[in-house]
Amino acid sequence: MEQPTLFTIAVFTENHIGLLNQLSIILTRRAINIESITASRCLIPEVHKITLTCYSDPVTIEKVVKQIEKKIDVLKAFFYTDDQIVYQEVALYKVPTSRLLDEQNLEEIIRRHSARILEITRDYTVVEKTGHIDETEALFEELKRYDLRQFVRSGRVAITKSPIEYVDRFLAEQEQRRQNLDRQ
Amino acid sequence: MDNKITGAEALIRGLIAEGVDTVFGYPGGAIMPVYDKLYDFSDTLNHILTRHEQGAIHAAEGFARVSKRTGVVIVTSGPAATNVMTGLSDATMDSTPLVVITGQVSASLLGSDAFQETDVVGITQPISKWAYQIRHAKDIAWAVSRAFFIANSGRPGPVVLDFAKNAQEEMIEFEPYHRCKFIRSYIPYPTVYESDLRRVADIINDSSRPMIISGHGVMIAGAEDQLATLAEKADIPVASTMLGLSTMPSDHPLFKGMVGMHGNIGPNYNTNRADLIVAIGMRFDDRVTGNTKLYAPQAKIVHIDIDESEFNKNIRAHATIHGDAREVLTRIIPLVREAKHTKWLKSFELPEAVEREKVTKDAVFRDDPQGLPCMGEVAYKVSMAAGHDSVLVTDVGQNQLLSVKHFKYTSPRSVITSGGLGTMGYGLPAAIGAKMAAPHRQVCFFTGDGGMQMTIQELGTIMQYQTAVKIIILNNNFLGNVRQWQVMFYNNRLSQTPMVNPDYPAIAKAYGIEAETVERREQLDAAIERMLKHNGAYILNVMVDENDMVFPMTPGGQAVDYILLNQNEVFDPSSKK
Ligand SMILES: Cc1cc2nc3c(=O)[nH]c(=O)nc-3n(C[C@H](O)[C@H](O)[C@H](O)COP(=O)(O)OP(=O)(O)OC[C@H]3O[C@@H](n4cnc5c(N)ncnc54)[C@H](O)[C@@H]3O)c2cc1C
Ligand SMILES: Cc1ncc(C[n+]2csc(CCOP(=O)(O)OP(=O)(O)O)c2C)c(N)n1
């Protein structure tokens, strides 16, 4: 069997209740695990963008994305490999402040990883690192040695490199259709 | 004057504005405001009270399938909503347009495990085309108009409106209803590109052994005439899927029968000899393709479908046209050259002859007057006697496979059967719905003794509404189709397939339905004639040979041209028949 590839699926939807369920059941039926997921508004008013990542193969992912796009409330769905997008994730780490103070090289670690400190209290310190998964993972491995108390990583957010904005184009075509229907 | 109406009334006015005149349903607590309003509208809206919600939804499916209209179902919440799940899944599989309205607890109680609360939207999302919960009366017109638009445009399917009780009761301003024609996120009828048409026309013009497989989508599009025109112009043989049966009359010289596991030998064998398969409005179900790796190895595949997600789902296509079959066919006909494929068409004759000799003769034309009739024989005889334009409704199993095969079709929308889900118990209510939508057509319903009992309560509906369906029970005291598999693949171990049956004519009598039992071949013709002459519903309980098997058959996992003629013999075109 070929190695599974990590795909990023971007779904542009109307902002209706229950959309996430509609997407996730399509993946569940094919026993595809969602690695990460984020949802937010996007540039287009009233349009929501859901970005999720999962491992699959090109043939399956194409079928899945077509089935997602078939959902009535979905405007457009796309899938990408990493080379087609600019993407980012953010991770937060909570470490005991006392451990950090004891360490000589804390500053060095934070600098080396280009991380930021978000909050310091007597008790704990929250560190933030933005980057790709291997980068947030590398910091995780280092901070593990300092009694890391909590760790969390966001889903991926991604923007395409393509010069064509396909959703805009889709909406323009749909607007044309609507006007034609109105004229009939 | 106060111009306010309740949400319930807004729903009913919406239904009427959508042209609905018949709804199938069953009342209960969470939908009572709607039923109360229905009482005021009983002149305009004919409500059919089935005996079970599953009956209501299958009846609506039969209604929709025969008429192209949207079937409407109204039920209450909780157990009633869960009772329609089988029908929703069935309608999704078989692209059947329905609007199903389920009552729901008041919005303020949602999520609290209130009495008869079920997460209807959550359950139905995977088995419906669209599911929406109406929580406020102000959303009703919007939701209802979208529901009807979505259900019966593009690839049809069932839509669920989960109607919270408070929204049924709330008062809103009466406003004229507007039908929905456009949804920004939905393209029911995609633009068909000239370049795609030209490409496919070229492929057709270059082919020497082309075959069309006509599916349910041809009927949904109303493209039967265009199909015939294309086939005749380019001299292309046409086969159909099970749900595509009756897209071409059975006796059309270019019609070569059904493809698939229990299809005809000619089109199955020639699928793997063809150099081009033009698949129109069909989804390459596994019952059609057999082993996909061995499917049509010599052929280019052209796939015409309105649902893009069907392309390359099961079978890789060399060319696709995304669009409505009627538009596509209409526009491609002028691009296709007249042709003659005499030799290729002739190649169907040998398999046809073998099938006649080795399968059909035994299945339909036995002559022992004392013997038990066979299923195919009954179907054939009923079809011949019922004549032009009658509708075949089936249940699932051997009764289905043998009746779809031996019935003859003259006009479109003449086969109502559960294809994708294979729902036993579908037939009786679907026949009721079909007869209600097409009262002037003879509706002949074939069922097994197993399937009949799954929804037998709907005899009550027939009694109440005097629905004149002809019910033919092919009674073998067995779950025949499963028995066939046990005989063929499970060493004859008949685990839980023998079935003791009730006295069907006695049951019929209790419902005031005419009935008789046939036990010998010599009784059959006269009994069929009595059944068809009778004005009302009729049950013909035909005792059939329990050893009856459905052949030809391509066992699962085999190539479509590996065809069993009977348990011991594989179709071999080189051997003398
Ligand atoms: C016991 C049993 C045995 C069976 N054996 C067989 C068998 O031997 N052979 C067989 O064929 N079937 C068999 N079936 C049925 C089978 O499971 C499928 O239901 C059937 O093959 C589906 O046919 P279809 O693809 O034409 O229709 P559907 O499943 O209804 O698909 C319709 C297709 O048409 C498309 N469409 C809809 N509207 C349009 C439009 N306007 N324009 C263009 N396209 C459109 C849809 O997108 C879809 O792809 C069997 C079923 C049972 C229960
Ligand atoms: C609801 C449901 N349960 C089980 C099945 C599996 N099944 C398919 S055919 C069949 C036997 C049908 O027997 P009967 O109704 O007597 O018809 P026959 O095959 O004998 O014509 C069964 C159990 C099914 N298709 N649907």
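Conventions used here
Residues numbered from 1 in each chain as written. Chains lettered and ligands numbered in written order. Predicted model: local features only at pLDDT ≥ 70, side-chain atom pairs only at ≥ 80, totals over all residues. Heavy atoms only, no water. Domains from an automatic or database assignment. Buried area = accessible area lost by both parts, 1.4 Å probe. Salt bridge = Lys/Arg side-chain N within 4 Å of Asp/Glu carboxyl O. Polar contact = N/O pair within 3.5 Å; in protein donor to acceptor, adjacent residues only side chain to side chain. Nonpolar A, V, L, I, M, F, W, Y, C, P; charged D, E, K, R; others polar. Near = heavy atom within 4 Å. Areas by Shrake-Rupley, 256 points an atom, 1.4 Å probe, with all protein chains shown as cover. Helix = DSSP H or I, 4+ residues; strand = E, 2+ residues; numbered from the N terminus. Contact = heavy atoms within 4.5 Å.

### Points about the domain arrangement of chain B
All names here are of chain B. Split by domain assignment, chain B resolves into domain 1 (4-173), domain 2 (194-349) and domain 3 (372-543). With centres defined by C-alpha atoms, the gap from domain 1 to domain 2 works out at 37 Å. Both faces considered, domain 1 and domain 2 share a buried interface measuring about 690 Å² in area, 54% of it formed by carbon and sulfur atoms. It is Lys68, Asp94 and Arg155 in domain 1 that bury the most area against domain 2; as a group they hold 54% of the surface buried on that side. The salt bridge involving Arg155 is made with Asp307; its shortest N-O contact spans 2.9 Å. At the junction of domain 1 and domain 2, the tally comes to 4 residue pairs in polar contact (both at pLDDT 80 or more). When its residues are assigned to classes, the side of domain 1 that touches domain 2 shows 2 nonpolar, 2 polar and 4 charged.

### Some thoughts on the site of ligand 2
Residue and element names in this part refer to chain B. The full set close to ligand 2 counts 18 residues, and Gln398, Asn399, Gly422, Gly451 and Gly480 are the nearest of them. One nitrogen or oxygen atom from the side chain of Asn399 is found 2.9 Å from an oxygen atom belonging to ligand 2. For ligand 2, a nitrogen atom lies 2.8 Å from a polar atom in the backbone of Gly422. When ligand 2 is considered free in solution it has 590 Å² of accessible area, and contact with the protein chains removes 77% of it. In terms of residue count, helix α20 (residues 449-454) provides more of the shell around ligand 2 than any other element does, 4 residues in total. When the residues that make up the shell around ligand 2 are grouped by side-chain class, the tally is 7 nonpolar, 10 polar and 1 charged.

### Digging into the interface of chain A and chain B
Opposite the 28 residues of chain A that make contact, chain B presents 28 residues. Taking both sides of the interface into account, the surface hidden between chain A and chain B amounts to around 2300 Å²; carbon and sulfur atoms contribute 49%. It is A:Lys66, A:Ile72 and A:Arg177 that lose the most area in chain A upon contact with chain B, and together they represent 28% of the buried surface on that side. On the surface where chain A and chain B come into contact, there are 3 salt bridges. With its nearest N and O atoms 2.9 Å apart, the salt bridge here joins A:Glu14 to B:Arg184. Between the two partners, chain A and chain B, sit 12 residue pairs in polar contact (both at pLDDT 80 or more). Of all the secondary-structure elements, those providing two or more residues to the side of chain A that touches chain B are α1 (19-29), α2 (58-70), β4 (74-80) and α6 (166-183) of chain A.

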